[in-house]
Amino acid sequence: MKIHFIVLATAAFLSGANLRVFDALLPNIAAEFDVTHATAAIVIAAFTLAYGLFQIIYGPIGDRYGRIKTVSVATGIVAVGSLGSAHAQDLEWLTALRFLTGIGAAGIIPVSLAWIGDQTTYENRQASLGNFISFILLGQILGPSLGGALAEFSSWRTIFYFFSISFFIMTLILFLVAHKYQSTHSVKKTSTLPNHPFRNYSNILKDPWCQTVLVMVHLEGALFYGSFAFVGAWIKTELNLDYMTIGLLLSGFGLGGVLYTISIRRLQTLMGEVGFVLTGALILFLFFVALPVMHSEVLVGAWCIFGGFGFYILHNTLQTKATEMYPQARGTAISVFAMSLFSGQAVGTIFFGLLTTLFGYTLSFISVGVCVLTLGLFFAKKLNVNLRRI
């Protein structure tokens, strides 16, 4: 199990970096193609839309043919898409190639989460997911930092050469591990899973509790990720910092998540799942409401750490619930969950871009904060009822 976890976690590390790299690059992309930040954000929306939509394909494939083999195919697609992105000559081609990259990226983290769900008991799952997420977060720390540094000293295209080479190597490693180390337990489990993906999707979407979790994560993705994609652009507009510094400040979000994973076992004992949801929602409310008045590098960096800590308290609770939505086809269930999250992000990115164009950053960030708090209170109430039924 250890070698499987390490390999999947390494793929997740690279995927995390790829997922957040545009947080620091958005102003640079807008400047190179001579468009507004809101227009350039279509590149982010294209990636996240593909990431969300193609979950529905990878989930049943992982259930049927094996999770690690499925991840190896996904990383290969990311390698090709990243190489094409490095050569894109206009915004339209870059958008299309990031869409292709999103198709591949869709099969890395969610399928790996399903594998963890297969291998751990529910009591230990939140901690196991926390350990796995720490690799993703380290990647999310690297992504904005490395992207910002390369944009400042070289070119934003260089980061995609790096991703192309890294994901190609990862594809070879995953293929070898899947071929040599796949356990007898995994093979048997895969062969006995239901072969009716449409029936599984129908059962998931009809279940009231599944509906609650899916709507919740869709709105979470729209509100948080949709708005956070513009924090780098806001920093550039308000503080006029260089791209490397912007990347370093945004990496504080990932650092906040790492602090969460370090403290997860103690927090779980003290707060429980309902306490996690309420605390995370309150922290995110404070993060968005106070962000517009942060006018120094130190304050913005510290506030990103604070926001990252709050987000992962909330999100990992949702993620843990998703692993038990439909255990008999866990990969399919998590695919629906991830599709809901990242389709929300795609919609949220476009909507927040329009919101900032009409009302500016301050009112837009405050509105998101209020909505996140309301969403957290709603889900805490639903979760409390669900726990009493168990």
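Above this text is the structure in question.
This write-up is about the structure you can find in this document. (Residues numbered from 1 in each chain as written. Predicted model: local features only at pLDDT ≥ 70, side-chain atom pairs only at ≥ 80, totals over all residues. Heavy atoms only, no water.)

A separate point is the side chain of Asn 18. Along the chain, Asn 18 falls in helix H1 (residues 2-20). Here Asn 18 falls in the buried class, since its relative accessible area comes to 1%. In contact with Asn 18, other than residues within four places in its own chain, are Phe 47, Val 78, Arg 98, Thr 101, Phe 163 and Phe 167. (Helix = DSSP H or I, 4+ residues; strand = E, 2+ residues; numbered from the N terminus. Buried < 20%, exposed > 50% of the residue type's maximum accessible area, 1.4 Å probe, protein only. Contact = heavy atoms within 4.5 Å.)

Below, the discussion takes up unusual backbone geometry. Notably, Asp 34 is not glycine yet its phi reads approximately 55°, a positive angle. Along the chain, Asp 34 turns up in the loop between helix H2 (22-32) and helix H3 (37-40). Residue classification places Asp 34 among the exposed residues on the basis of a relative accessible area of 70%. If you check the backbone angles, Asn 240 has positive phi at about 55° while not being a glycine. A relative accessible area of 59% places Asn 240 in the exposed class.

Let us now look at the environment of Thr 317. Position of Thr 317 relative to the elements: it lies in helix H17 (residues 297-322). When its relative accessible area of 0% is taken as the criterion, Thr 317 is described as buried. Residues Thr 317 and Phe 276, 41 residues apart in the sequence, show an inter-C-alpha distance of 7.0 Å. Setting aside residues up to four positions removed in sequence, Thr 317 forms contacts with Gln 126, Glu 273, Phe 276, Val 277 and Leu 383.

Here the focus is the nonpolar core. Core analysis: the biggest nonpolar cluster contains 128 residues, and Phe 22, Ile 29, Phe 132 and Ile 235 have the highest contact counts within it. It is helix H18 (residues 330-389) that provides the largest number of residues to this core, a total of 16 residues. Discounting residues that sit within four places of it in the chain, Phe 22 has contacts with Ile 29, Val 43, Ile 44, Leu 94, Arg 98 and Phe 160. (Core = buried A, V, L, I, M, F, W, Y, C linked by side-chain atoms within 4.5 Å.)

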